[in-house]
Amino acid sequence: MGRDLLKMQGLIPAAGGGTRLGPFTNAIPKELLPVGNKAVIEHVVEAMRLADITEIVIVVSPHKHGLSDYLGSGRRFGVNLTYVVQDERKGLADAVLSGEHVINGSFVVVLGDNFFRPKEFLKDLILYHVNERADATIGVAEVEDVTRHGIIMPEDNGIADIIEKPSVEEAPSTLGAIGAYVFEKFIFDAIRETKPGHKGEYQLTDSVKVAIDQERRVLYKKIDGIHIDVGTPADLMRANKWYINNENSR
Ligand code: UTP
């Protein structure tokens, strides 16, 4: 196996404004809002650790000191955390690009405001990427609301097209990207070739589309289980309700 699973790094974008969770997010980064007894981003760090990722890059905005105050060095999670700053809030693809100087090879991106169960989902995604020798692997699931996700057009196990937040009529399927990706380093070049899209921001979905157009091996893998994008107060409640009903043993 050419790619060493153990050497894969993690990157967690956490530099967004979290406006839909305002006014809490005037004071607290949304990634620090609790799901159960832990910050939502802490669940992501734990899932990475479970996938043998011990080098994790957290992308923060210039004002988000709270994340490093809370997560610290990462030692208490058994990982080493490096913080990089996204100077301006220019979208998810730009947030990923902010980490380029500290990424050495294959890496995993999981959004810092997304809650997944079971935590093993990430290990499965990485194994699939490595075994398939993919250039990029996008974690997807059947989504209820296509207008909130990057929606793929599947073709065998590959992706023929991907559209960010399409209308219901435009959506090529109901399989949406759900905030977990594995990339080879070429993705940084694809991001540099990406034009601003939805909301005038650099969207990671559009960079994946650049990679598809370059005939890279872009695959998708269905992620089973629970996925909640903690973007709104209702999502935060839903994640906590799930936690209380399923894991509230302490
Ligand atoms: P979202 O689009 O859900 O986050 O990005 P947001 O922009 O903070 O939300 P609203 O629309 O203002 O409520 C998903 C993830 O990508 C990160 C966010 O921190 C979140 O974890 N992100 C988004 C960045 O790191 N940088 C960006 O420029 C945009």
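Residues numbered from 1 in each chain as written. Predicted model: local features only at pLDDT ≥ 70, side-chain atom pairs only at ≥ 80, totals over all residues. Heavy atoms only, no water.

(A) The arrangement of the overall build of the protein in detail. The number of helices and strands found in the protein is 8 helices and 13 strands. Overall, the C-alpha framework of the protein stretches about 45 × 40 × 35 Å when taken along its three principal axes. Out of the 250 residues in the protein, the part that is buried amounts to 53%. Counting contacts in the protein only where the partners sit at least 6 residues apart, residues at least 24 apart contribute 73% of the total. Charged side chains of the protein number 29 positive and 36 negative; the gap between the two group centres comes to 5 Å. (Helix = DSSP H or I, 4+ residues; strand = E, 2+ residues; numbered from the N terminus. Buried < 20%, exposed > 50% of the residue type's maximum accessible area, 1.4 Å probe, protein only. Contact = heavy atoms within 4.5 Å. Lys, Arg positive; Asp, Glu negative; His and termini not counted. Charge placed at Lys NZ, Arg CZ, Asp CG, Glu CD.)

(B) Representation of the site of the ligand. Contacts to the ligand come from 20 residues, most closely from G16, G18, T19, E31 and Q86. Here a nitrogen atom of the ligand sits 2.7 Å away from a polar atom, N or O, in the side chain of Q86. About the coverage of the ligand: the protein hides 89% of its 570 Å² of free accessible area. Taken together, the residues of the shell around the ligand sort by class into 6 nonpolar, 7 polar and 7 charged. (Near = heavy atom within 4 Å. Polar contact = N/O pair within 3.5 Å; in protein donor to acceptor, adjacent residues only side chain to side chain. Areas by Shrake-Rupley, 256 points an atom, 1.4 Å probe, with all protein chains shown as cover. Nonpolar A, V, L, I, M, F, W, Y, C, P; charged D, E, K, R; others polar.)

(C) Seen up close, the nonpolar core. Grouped together as the largest cluster of nonpolar side chains are 37 residues, with contacts concentrated most on I41, M48, I56, I58, V108, L122 and I126. For this core, the elements supplying multiple residues, two or more each, are α2 (40-50), β4 (55-60), α3 (65-71), β6 (107-110), α5 (121-131) and β11 (175-183). Sequence-distant contacts of I58, that is, excluding residues within four places in its chain, are made with I12, A14, I41, L71, L81, T82, Y83 and V84. Grouped together as the second largest cluster of nonpolar side chains are 33 residues, V84, A93, F107 and I187 included. (Core = buried A, V, L, I, M, F, W, Y, C linked by side-chain atoms within 4.5 Å.)

(D) Fine view of the side chain of T25. Relative to the helices and strands, T25 is located in helix α1 (residues 24-27). Within polar-contact distance, the side chain of T25 engages the backbone oxygen of G18 at 2.8 Å. Dropping the residues within four chain positions of it, T25 is found in contact with G17, G18, T19 and K30.

(E) View of the packing of aromatic side chains. In total, this model carries 5 aromatic pairs according to the counting rule given. Taking 5.2 Å as the distance between ring centres and 5 degrees as the angle between the ring planes, the aromatic pair formed by F107 and F188 counts as stacked. Linking F107 in strand β6 with F188 in helix α6 (residues 187-192), this pair joins segments that are 81 residues apart in sequence. With respect to class, F107 is no different from F188; both count as buried. (Phe/Tyr/Trp six-rings, centres within 6.5 Å; stacked < 30°, edge-to-face > 60°.)

(F) Structural context of helix α7 (residues 204-213). With 7 of its 10 residues buried, α7 lies for the most part within the structure. Among all positions of α7, only L204, T205, S207, V208, V210, A211 and I212 are buried.

(G) Up close: unusual backbone geometry. Residue P23 is bonded to the preceding G22 through a cis peptide linkage, with omega at 0 degrees. Mapped onto the elements, P23 comes out in the loop between β1 (9-13) and α1. Omega for the peptide link from R117 to P118 comes to -5 degrees, which places this bond in the cis form. With respect to the helices, strands and loops of the structure, P118 is situated in the loop between β7 (114-117) and α5.

(H) Just the pairing of strand β5 (residues 80-85), in detail. Where β4 meets β5, 6 bridges bridge the pair, whose relative direction is parallel. Paired with I58 across the strands is Y83, a residue of β5. Crossover connection from β4 via α3 to parallel β5: handedness right-handed. (Pairing = 2+ DSSP bridges. Right-handed = clockwise from strand over helix to strand, strands pointing away.)

Take it as geometry only, folks, not as evidence of what the structure does.
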